[in-house]
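Survey of secondary and tertiary structure
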Amino acid sequence: LRGSRLEAMFSGRWDKKLVRDSSGRLFLDVNSDCFQAIVDYMNELVISSEDDPPMPPTVDDELQHILSHQMNLFGLTVDPQIDSNIITQHSDAMILHNWL
């Protein structure tokens, strides 16, 4: 996701600083269920339109605080969801959100 810490981590700039396992794979000390939810969400973002974004990632209630922490850790923010019959376009919702 452009501008996120996750993008920066995998940009190549930090390759020598990232922890790797014995096979050379990157090691992220994060909850795997939460990270999978983030990866799935990012995949959905790629294939969805701006006016119909995917729902934010979710996990079981006991993991929700970890997911929130990981989202912040990786610099990922979720746009507010507005349930409205008047504001139907995501772009209009973002204009209103930014104005407020």
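Above this text you will find the structure in question.
Since the model is a prediction, treat every value here as computed from it, not as a measurement. (Residues numbered from 1 in each chain as written. Predicted model: local features only at pLDDT ≥ 70, side-chain atom pairs only at ≥ 80, totals over all residues. Heavy atoms only, no water.)

Moving on, we get to helix α2 (residues 32-47). The terminal C-alpha atoms of α2, which comprises 16 residues, lie 23 Å apart, in line with the 22 Å expected from a rise of 1.5 Å per residue. Here the buried face of α2 lies against α1 (5-9) and α3 (64-73). The opening residue of α2 is Asn31, an N-cap whose side-chain oxygen sits 2.9 Å from the backbone nitrogen of Asp33. (Helix = DSSP H or I, 4+ residues; strand = E, 2+ residues; numbered from the N terminus. Expected span 1.5 Å × (residues − 1). Contact = heavy atoms within 4.5 Å. Polar contact = N/O pair within 3.5 Å; in protein donor to acceptor, adjacent residues only side chain to side chain.)

Considered for burial, the residues of α3 that qualify are Leu67, Gln70 and Met71. When α3 is viewed along its axis, its buried side chains cluster within an angular range of 105 degrees and face the same direction. Relative to its buried face, α3 has exposed residues pointing more than 90 degrees away, namely His65, His69 and Asn72. Against the buried residues of α3 lie α2. One or two positions beyond α3, positive phi appears at Gly75, with a value near 70 degrees. (Buried < 20%, exposed > 50% of the residue type's maximum accessible area, 1.4 Å probe, protein only. Arc of directions from axis to C-beta.)

With that settled, the discussion passes to the side chain of Ser4. Mapped onto the elements of the fold, Ser4 is located in the segment before α1. What makes Ser4 buried here is its relative accessible area of 5%.

On the surface, Asp33, Asp60, Asp61 and Glu62 cluster together to form a negatively charged patch. Mapping Asp60 onto the fold places it in the loop between α2 and α3. (Patch = residues over 30% accessible without salt bridge, like charges linked within 9 Å, V, L, I, M, F, W, Y side chains within 5 Å. Areas by Shrake-Rupley, 256 points an atom, 1.4 Å probe, with all protein chains shown as cover. Salt bridge = Lys/Arg side-chain N within 4 Å of Asp/Glu carboxyl O. Lys, Arg positive; Asp, Glu negative; His and termini not counted. Charge placed at Lys NZ, Arg CZ, Asp CG, Glu CD.)

Within the secondary structure, Gln70 is located in helix α3. When its relative accessible area of 3% is taken as the criterion, Gln70 is described as buried.

The geometry of α2 relative to α3 is characterised by a closest axis approach of 9 Å and an angle of 55 degrees between their N-to-C directions. Compared by their axis directions, α2 and α3 come out oblique. For the pair α2 and α3, the sense of crossing is right-handed. Of the residues in α3, those in contact with Cys34, Phe35, Ala37, Ile38 and Tyr41 of α2 are Ile66, Leu67, Gln70 and Met71. For the contact of α2 with α3, the residue count by class is eight nonpolar, one polar and no charged. (Axes fitted to C-alpha atoms, helices over the stretch in contact; angles between N-to-C directions. Parallel < 35°, antiparallel > 145°, perpendicular 65-115°, else oblique. Left-handed = near helix turned anticlockwise from the far one by under 90°. Nonpolar A, V, L, I, M, F, W, Y, C, P; charged D, E, K, R; others polar.)

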